[in-house]
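# Coordinate inspection notes
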Amino acid sequence: MDIKIETSWKQRLQPEFEKEYFARLVSFVKEEYKTKTIYPPGALIFNAFNLCPFDNVKAVIIGQDPYHGEGQAHGLCFSVRDGVAFPPSLINIFREIESDMGYKPLPTGNLERWARQGVLLLNATLTVRAHMAGSHQRKGWEEFTDSAITALNNDKENLVFFLWGAYAQKKGASIDRSKHLVLESVHPSPLSAYNGFFGNRHFSRCNEYLISKGIKPIDWR
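Residues numbered from 1 in each chain as written. Predicted model: local features only at pLDDT ≥ 70, side-chain atom pairs only at ≥ 80, totals over all residues. Heavy atoms only, no water.

## Looking at the state of the cysteines
Condition: The criterion for a disulfide is a pair of cysteine sulfur atoms lying within 2.5 Å. Buried residues are those whose accessible area, probed at 1.4 Å on protein chains only, stays under 20% of the maximum for their type, while exposed residues exceed 50% and partly exposed ones sit between those limits.
Under the counting rule described, the total for this entry stands at zero disulfides. Looking at the unpaired Cys52, the closest cysteine sulfur is the one in Cys77, lying at 11 Å. This cysteine, Cys206, is not joined by any disulfide, and Cys52 carries the nearest cysteine sulfur, 12 Å off. You can call Cys206 buried: its relative accessible area is 0%.

## Re the pattern of salt bridges
Let me state the cut-off plainly: One side-chain nitrogen of Lys or Arg within 4 Å of one carboxyl oxygen of Asp or Glu is enough to make a salt bridge. Under the scheme used here, helices are H or I runs from DSSP no shorter than 4 residues and strands are E runs no shorter than 2 residues, and both carry numbers assigned from the N terminus.
For the structure on display, the rule yields 13 salt bridges. As a salt-bridge pair, Lys19 and Glu16 come within 2.9 Å of each other at their nearest N and O atoms. According to the relative accessible area criterion, Lys19 is partly exposed, its value standing at 37%. In this structure, Glu20 engages Arg24 in a salt bridge whose closest nitrogen and oxygen atoms are separated by 3.2 Å. One end of the pair is Glu20 and the other is Arg24, both in helix H2 (residues 20-35) and four residues apart, which spans about a single turn. One salt-bridge network, held together by shared partners, links Glu32, Lys36 and Arg129.

## Brief notes about the pairing of strand S6 (residues 181-185)
Rule in force here: Strand pairing follows a simple DSSP-based rule, namely that at least 2 bridges must link the two strands.
Across five bridges, strand S5 (residues 160-164) lies against S6 in parallel orientation. By the bridge assignment, Phe162 is partnered in S6 with Leu183.

## Structural notes on unusual backbone geometry
A cis amide bond, omega -5 degrees, links Tyr39 with the succeeding residue Pro40. Relative to the assigned elements, Pro40 resides in the loop between strand S1 (38-39) and helix H3 (47-51).

## Structural notes on the sheet that holds strand S3 (residues 119-123)
Condition: For every element, the axis is a line fit to its C-alpha atoms; helices are fit only across the contacting stretch, and the angle between N-to-C directions ranges from 0 to 180 degrees.
Taken together, four strands build an open sheet; the order of strands is S3-S2-S5-S6 and the sheet is parallel. At either end of the open sheet lies a strand with only one pairing partner, and these are S3 and S6. Strand after strand, the sheet turns through a mean of 20 degrees between neighbouring axes, direction not considered. Judged from the three bridges that link them, strand S2 (residues 59-63) and S5 form a sheet pairing that is parallel. Residue Val60 lies in a different strand from S5, and its bridge partner there is Phe161.

## Overview of helix H1 (residues 7-17)
Cut-off, in case you're wondering: The arc in question is traced by the directions running from the helix axis to the C-beta atoms. Any two residues whose heavy atoms approach within 4.5 Å are treated as being in contact.
The set of residues buried in H1 consists of Ser8, Trp9, Leu13, Glu16 and Phe17. Around the axis of H1, the buried residues are gathered within 160 degrees of arc, so they sit on the same side. In H1, those exposed residues whose orientation departs by more than 90 degrees from the buried face are Thr7 and Gln11. Buried residues along H1 sit in contact with H2, H3, S3 and helix H6 (141-155).

## Quick notes on the packing of aromatic side chains
Counted only if it meets this: Here the aromatic set is Phe, Tyr and Trp, taking the six-membered ring for Trp, and pairing holds for ring centres within 6.5 Å; pairs whose planes are under 30 degrees apart are stacked, those over 60 apart are edge-to-face, and all others are tilted. Criterion for a charge above a ring: Arg CZ or Lys NZ at most 6 Å from the ring centre, at most 35 degrees from the ring normal.
For the structure shown, the criterion picks out 24 aromatic pairs. With a centroid separation of 5.9 Å and an interplanar angle of 65 degrees, the aromatic rings of Phe49 and Phe144 are classed as edge-to-face. With Phe49 in helix H3 and Phe144 in helix H6, the pair connects residues that are 95 residues apart, well separated along the chain. Grouping residues by exposure puts Phe49 and Phe144 together as buried. Each ring, one from Phe162 and one from Trp164, has its centre 5.7 Å from the other, and the planes form 75 degrees; the classification is edge-to-face. With respect to class, Phe162 is no different from Trp164; both count as buried. Feature note: the residues Phe78, Phe86, Phe94, Trp114, Phe162, Trp164, Tyr194, Phe197, Phe198, Phe203 and Trp220 constitute an aromatic cluster, connected by ring pairs. Taking NZ or CZ as reference, Arg95 lies 4.3 Å from the ring centre of Phe198, over its face. When the ring centre of Tyr103 is taken as origin, the NZ or CZ atom of Arg221, which lies over that ring, is 4.4 Å away.

Okay, here's the thing in structure tokens:
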């Protein structure tokens, strides 16, 4: 199956594209786009991979679903397009960055600037029906994104994995802590942020680790 995805990722993930579950997933997703309003736009489903080639990855932030409101999702977890109001979790992420790093993030919720520096902003599920959170879960996306995480875990060293909330922590449970830095806390959602997200200092801890390995740190603005 010829999937349009960045070349280095295509080389790593090609075996997944030939599996039966992925063929079923493609059929399901195609039908959903034909008959319902689905986010993100089809051309942006693999945006996280396309903006952050395999060899460039320094850090991985794991989300769950794309945003399901109009005009929000564009293929990067927690990110919204330019000009779109910040969702609550993103507001809390920026608040922690300001507290931790001492600078205000830029006045846009578009996190392509992070992706281009090597931050893979990976949702576990890459598509969703409008206004129906979780509607494309358990259709095959989780198996596909697990394979991407496994490839990173096995074939790279000195990555930083951000696992916010129980869902991300479960998805990242098999990451080799002897090869990579794993940063865990509650989710930045307003429901949990005050229970350990604020003050986790994950952004400075990520950069300290990267510097210690001779890797250029991330500008989190």
